[in-house]
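Working through the structure, step by step
Each chain, letter by letter, is given below.
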Amino acid sequence: MSAALETKGLCKSFGALTVANGIDFRLERGARHALIGPNGAGKTTFVNLVTGALSPSAGRILLGDSDVTLLPQAQRVKRGLARTFQINTLFRGLSVLENVCLAIGERLDVAGDMHRPAGSNRTLMDEAYDALETLGLADDALRPVRELAYGRQRLVELAVSLALKPKVLLLDEPAAGVPSPESSVIIDIIESLPADIALLIIEHDMDLVFRLAKRITVLVQGEILVEGTPQEIAADPRVREVYLGEGAHR
Amino acid sequence: MTAALDASPPAAAVNALARRHRLRPLEALPWLAATAAFFVFPDYLPLGAQILINILFALSVDLILGYAGIATLGQAAFFGAGAYTAGLLAAHGWGEPISGLVIAGLVAGIIGLLSGAVILRTRSLTLLMLTLMIAVMLQEAANKAGSITGGADGLQGMSVWQVLGLFRFDLFGRTAYLYCLALLFLGWLAARQLVHSPFGRSLTGIRENEARMHAIGSPVFRRRLVIYAISAVMAGVAGALLAQTTQFVALEVLSFERSGSVLIMLIIGGVGRLYGAFIGVPLYMIAQDRFAQADPVYWDFWIGLLLIIVVLFARTGVLGLFEQLLRRWSPRR
Amino acid sequence: MSTALSAFVSIAFHGLAYAMVLYLISVGLSVTMGLMGFVNLAHGVFAAAGGYVMTRLMAGYGVPFPLAVAAAFIAAAAGGVVLERLLYRRLYGADDLAQVLMSVGLIFMSVATAKYLWGPLAQPMTPPSYLSGQVDLGFRSFPTYRSFLIVAGAVLVTLLWLGLERTRFGARVRAAVDNRRMAQSVGINTAGLFTATFALGSGLAGLGGALGAEILAIDPGYGLEHLVYFLIVVAVGGLGSIKGPFFAALLLGVADTGFKYLLPEFGAFFIYALTLAILLWRPQGLFGRA
């Protein structure tokens, strides 16, 4: 049975600098998978390659059964691949509600319509509003994103990607730097995601990783060091060595 | 949560967003003013027609600049293409104005589509240069193809027939004014529809954060190309209006001065607010009519200074200042 | 000499002289755009300013040529310092359109000022007697002034390149162009550096405008008339590059001279088409960084 997401021999170099070196990675359907590694290991680069924001130097990327290596980013999204960004990447001048509406509109393929006013699709806006309620953002629905605190913006970042109803979701440090009330909301949302979504989380917070992930891949300097269950990873001396050099990881 | 029947907050937020795009009574103001001007200033109708034409032109720039965030130094390419198309048709025996307008718009649109398909793949500075290159190329071609276009002397011998077979272009500019007003109205209708549609909102998204648009599956290049082509059609129609109402086409319709002055007019009014053109163009052109004839050197100097001041201190133009004042006087939502 | 070869030599000669002028004027723009990321469409105004200073000093006050040219450089550089401090630095980091419009405003003001002070006609430029006439190189003669232009241009370009390669100032400029934030964190005073670089670029433009007044006539509309060509040199050469625009200027100077001579009915059309093609193939310019 094909994986939800797979890379074969994925490579990327910028001149003499190799940031991804022959990565063979498999994300199973319904996975709860974490990608960890020291800073500069190439985790975000990997996500950029997989989503199509960056084009690989070599290798293949498969989404389900189809080879998407040459497909542009937007088309991969249409096939069910979504991501959040490590740094909030939102429409800062638009309202929270509208940020989510844009995503839903693209998903429903009505975002390019010219013949109706933008405010006429009640079903769409209701869905967006419901999504905000689930994340506790309802009160901020009409506020421009740039007026929100960092933690609240991080929730919007999650809401926008979830609005795409993806089959494969890549979360890049979703709770990093997020203060308490919002971070528990984020964790709750992640934990209650439908079981058929394949989830890959990049994280540094080991408590979070061990709580959410059933499988962990360790990336070091663009290469996979080891992959296994949380218990196997925790016990692996190589992993500890890689992190000891970093100092305390919490 | 509470039932959907009462006016609970959920409905309120959604309602507010829906209301944003509906027609407001204030929006009738420009049309009332323009109609009133027809009766109140019968001696200034030729200037009035010029203003209406430039509003349409500025509107075309606002669509790509204010909404899609595409900066251009060469919008005159489409304006001029429309002007010369309408001019050549009228000079070679086909003086029917409305069909001439349509053909001119189509020609400009095709040039927009073809050039856009090629240059919209590039970014900011390079794109800016390329928009300039297209306009400059067209201008040079028109200059050198003098046997067709009249070159530096301009295209003469245009003979424009009656509008709808009924309204002759009279010496006082009455027909011209109303003709331009009607076309501006149609153009505005189209622009307003576009801007307030899901397509228009996605353009705002592209301008706000292109990376995010890609990440939600939006076909960014296609959307930009579409609005670029539509903007070219609109600019072409404006150019054709100029040709038909003045029965003459000069080389300057393709010039950098044309592209530049329409940008200035739009900036003064306010970019990305749909009505910036309606404010900036009349202000600029009426002032120009009053002061530039007396002393063009004087005019260039002060307009240059005004432009610098606007860019430094009033980026959002007259409409932006207006919005700021409103926000200060009525702080509640 | 056969006519074809003679034509070729003429085109190469005049093209080279033109290229020198174009490069001297445009190199400052390349560095400004690459260093400060500032789209300065008004750059040609500094060239015009230099041209006006030189021609007015020579014609109105009988100042000898070398002094007038030096004055042109100094005046343009000084003007650059004043405008950079007063206006340009307020818009570093602003979006392209704001910078474009501000510089367009400057162009308008300068055109009006020049027209007001010196009238709408082109300033006559008579080279000094020792640079007039023809110089005989045996196989054919060449106009003395343009020969001087080529030689002087080559010397200036060499000095510039050496200066930027060998001096600390040059090293700082190159570092800051390469990575502004990094340069700041290493303690390079970018604000002062920007002003100095802008002054140098404007001064060179003034120098180019003055020396090249015989090819590009000095009139109020100068900054606007030749803007497209300056932009082409910079865009095709590569923003921020110092050597790139030289080759672009060579290409443009020779091609423009050639086309105008051989295919006058097409004018500059092929130049523009060629620029379009190059920028589509390499949007960062021939020598720019991707």
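Keep in mind that what you see is a predicted model, and the values were worked out from it rather than measured. (Residues numbered from 1 in each chain as written. Chains lettered and ligands numbered in written order. Predicted model: local features only at pLDDT ≥ 70, side-chain atom pairs only at ≥ 80, totals over all residues.)

Another point: the packing of helix α4 (residues 76-91) of chain B against helix α5 (residues 97-119) of chain B. Two numbers describe a pair of packed helices, the interaxial angle and the distance between the axes. Residue and element names in this part refer to chain B. At a closest axis distance of 8 Å, the pairing of α4 and α5 adopts a crossing angle of 140°. On the basis of the axis angle, α4 is oblique to α5. Crossing geometry of α4 relative to α5 is assigned as right-handed. When α4 is examined against α5, the residues A77, F78, A81, G82, T85, A86, L89 and A90 are found in contact with a partner set consisting of G100, L101, I103, A104, G105, V107, A108, I111 and G112. (Axes fitted to C-alpha atoms, helices over the stretch in contact; angles between N-to-C directions. Helix = DSSP H or I, 4+ residues; strand = E, 2+ residues; numbered from the N terminus. Parallel < 35°, antiparallel > 145°, perpendicular 65-115°, else oblique. Left-handed = near helix turned anticlockwise from the far one by under 90°. Contact = placed C-beta atoms within 7 Å.)

Take helix α1 (residues 3-35) of chain C next. Residues and elements named next belong to chain C. With 33 residues, α1 ought to run about 48 Å at 1.5 Å a step, and its terminal C-alpha atoms sit 46 Å apart, in line with that. At S26, α1 shows its maximal kink, close to 35°. Residue G37 follows α1 closely and has a positive phi angle near 60°. (Expected span 1.5 Å × (residues − 1). Bend = angle between axes of the 7 residues up to and from the residue.)

This next bit is on the interface of chain B and chain C. Taken residue by residue, the interface counts 31 residues in chain B and 34 residues in chain C. Put simply, the parts of the chain that give the side of chain B that touches chain C at least two residues each are α6 (124-144), α12 (256-269) and α14 (296-313) of chain B. Ranked by the residues each element gives to the side of chain B that touches chain C, the list is headed by α6 of chain B, at 14 residues.

It is worth spelling out the confidence of the model for chain C at this point. Residue and element names in this part refer to chain C. Of the residues in chain C, 99% have a pLDDT of 70 or more, and the chain-wide mean is 88. Mean pLDDT values over the elements of chain C span from 72, in helix α7 (residues 180-185), up to 94, in helix α3 (residues 65-86). Reported confidences for the modelled complex are a pTM of 0.90 and an ipTM of 0.92. (pLDDT = per-residue confidence, 0-100.)

This part covers unusual backbone geometry. Despite not being glycine, K165 of chain A has its phi angle at roughly 45°, a positive value. By the secondary structure assignment, K165 of chain A is in the loop between α5 (150-162) and β7 (168-172). The backbone of Q247 of chain B sits at a positive phi, close to 55°, despite the residue not being glycine. Summarising the element assignment, Q247 of chain B is placed in the loop between α11 (220-246) and α12. You can call Q247 of chain B partly exposed: it has 18 C-beta atoms within 10 Å. (Buried ≥ 20, exposed ≤ 12 C-beta atoms within 10 Å, placed from the backbone.)

Residues and elements named next belong to chain A. Among the five residues of strand β8 (residues 198-202), five are classified as buried, and the element is accordingly described as predominantly covered. Residues A198, L200 and I202 line one face of β8 and the alternating positions L199 and I201 line the opposite face, and both faces are buried. Sheet topology note: the strand β3 (residues 32-36)/β8 ladder contains four bridges and is parallel. Bridge pairing links A34 to I201 in β8. (Pairing = 2+ DSSP bridges.)

With that settled, the discussion passes to the environment of A190 of chain B. All names here are of chain B. Relative to the elements of secondary structure, A190 occurs in helix α8 (residues 174-195). Assessed through the 16 C-beta atoms surrounding it within 10 Å, A190 is described here as partly exposed. Taking the C-alpha atoms as reference, A190 lies 14 Å from Y275; in sequence the two are 85 residues apart.

Right, let's talk about the sheet that holds β3 of chain A for a bit. All names here are of chain A. One open sheet accounts for six strands, arranged β6-β7-β8-β3-β9-β10; its pairing is mixed. Strands with a single pairing partner mark the edges of an open sheet, and in this sheet they are β6 (81-83) and β10 (223-228). The mean inter-strand angle of the sheet, taken between neighbouring strand axes irrespective of direction, is 20°. As judged from the five bridges shared by β7 and β8, these two strands associate in the parallel manner. When the bridges of β8 are listed, L171 appears paired with I201. Where helix α1 (residues 43-51) meets the sheet, it contacts β3, β6, β7, β8 and β9 (215-220), and its direction lies at approximately 150° from that of β7.

Turning our attention to the interface of chain B and chain A. Listed as interface residues are 33 residues of chain B and, on the opposing side, 36 residues of chain A. Elements with a contribution of two residues or more to the side of chain B that touches chain A: α1 (9-19), α8, α9 (198-208), α10 (210-215) and α11 of chain B. A class-by-class count of the residues in the side of chain B that touches chain A yields 15 nonpolar, 12 polar and six charged. (Nonpolar A, V, L, I, M, F, W, Y, C, P; charged D, E, K, R; others polar.)

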